[in-house]
Amino acid sequence: LNKALQTFEVSHEKNKVLSPCINICQTDPINGYCRGCGRTRIEIASWGNKKTSDEWKRRNLKEAENRLVGVQRSLFAQAYREKHERLYSQSLKK
């Protein structure tokens, strides 16, 4: 996953860090992390705040990555990579 994040963590269109949301939005009641992206509700809300820096977002991506394990981590890496590829190819069409 580290390699996937290094390759795709920055949106090609605007050089902004792309949200790790992969549309599997379910909070685990035991640990409080999203089952799709590994973030807490507070972290998810912080991504929507325009004052949140890209540096914080990159750090948070790595923290969330470390929370995901096994198949969950693999599925996230694949979905996140596909999200970036889709957005990049759409930006080329503009």
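Computed from a predicted model, the values in this text were never measured in an experiment.

*Asks:* Kindly report on the side chain of asparagine 60, identifying the contributing residues and their values.
*Replies:* Relative to the elements of secondary structure, asparagine 60 occurs in helix H3 (residues 54–67). In this structure asparagine 60 comes out as buried when scored by relative accessible area, which is 1%. With residues near it in sequence (within four places) discarded, asparagine 60 still touches Arg39, Glu43 and Trp47.

*Asks:* So what's going on with unusual backbone geometry? Which residues, and what values?
*Replies:* Of note, the phi angle at asparagine 23 is positive, near 65°, even though the residue is not glycine. Structurally, the position occupied by asparagine 23 is in the loop between helix H1 (2–8) and helix H2 (41–47).

*Asks:* Talk me through the pattern of salt bridges; I want residue IDs and the actual numbers.
*Replies:* In total, this model carries three salt bridges according to the counting rule given. Linking glutamate 55 and arginine 59 is a salt bridge whose minimum nitrogen-to-oxygen distance equals 3.3 Å. On the criterion of helical spacing, the pair formed by glutamate 55 and arginine 59 is a turn pair, its members being four residues apart in helix H3. Its relative accessible area of 42% is what places arginine 59 among the partly exposed residues.

*Asks:* Give a detailed account of the packing of aromatic side chains, specifying residues and quantitative values.
*Replies:* The relation between two aromatic rings is expressed through the spacing of the ring centres and the mutual angle of the planes. On inspection of all chains with the given rule, the structure shows two aromatic pairs. For the pair tryptophan 47 and tryptophan 56, a centre-to-centre distance of 6.4 Å together with 65° between the ring planes defines the contact as edge-to-face. The buried category is assigned to tryptophan 47, whose relative accessible area is 8%. Geometrically, the ring pair formed by phenylalanine 76 and tyrosine 80 is stacked, given 5.4 Å between the ring centres and 15° between the ring planes.

*Asks:* Can you explain H3? Please cite residues and give values.
*Replies:* Here H3 spans 20 Å end to end across 14 residues, near enough to the 20 Å set by a 1.5 Å rise per residue. Within the sequence span of H3, burial applies to Asp54, Lys57, Asn60, Leu61, Ala64 and Glu65. Along the long axis of H3, the arc covered by the buried residues comes to 140°, so they all point the same way. Every exposed residue of H3 that faces more than 90 degrees away from the buried side is listed here: Glu55 and Asn66.

*Asks:* With reference to specific residues and values, describe the confidence of the model for the protein.
*Replies:* If pLDDT is low for a region, its predicted coordinates should not be looked at in detail. Per-residue pLDDT for the protein averages 84, and the proportion of residues at 70 or more is 81%. Highest mean pLDDT in the protein belongs to H2 (96); lowest belongs to H1 (51). Segment residues 7–13: pLDDT under 50, and 23 contacts once partners within four positions in sequence are set aside and those in other chains are kept.

The rules behind the values
- Residues numbered from 1 in each chain as written.
- Predicted model: local features only at pLDDT ≥ 70, side-chain atom pairs only at ≥ 80, totals over all residues.
- Heavy atoms only, no water.
- Helix = DSSP H or I, 4+ residues; strand = E, 2+ residues; numbered from the N terminus.
- Buried < 20%, exposed > 50% of the residue type's maximum accessible area, 1.4 Å probe, protein only.
- Contact = heavy atoms within 4.5 Å.
- Salt bridge = Lys/Arg side-chain N within 4 Å of Asp/Glu carboxyl O.
- Phe/Tyr/Trp six-rings, centres within 6.5 Å; stacked < 30°, edge-to-face > 60°.
- Expected span 1.5 Å × (residues − 1).
- Arc of directions from axis to C-beta.
- pLDDT = per-residue confidence, 0-100.

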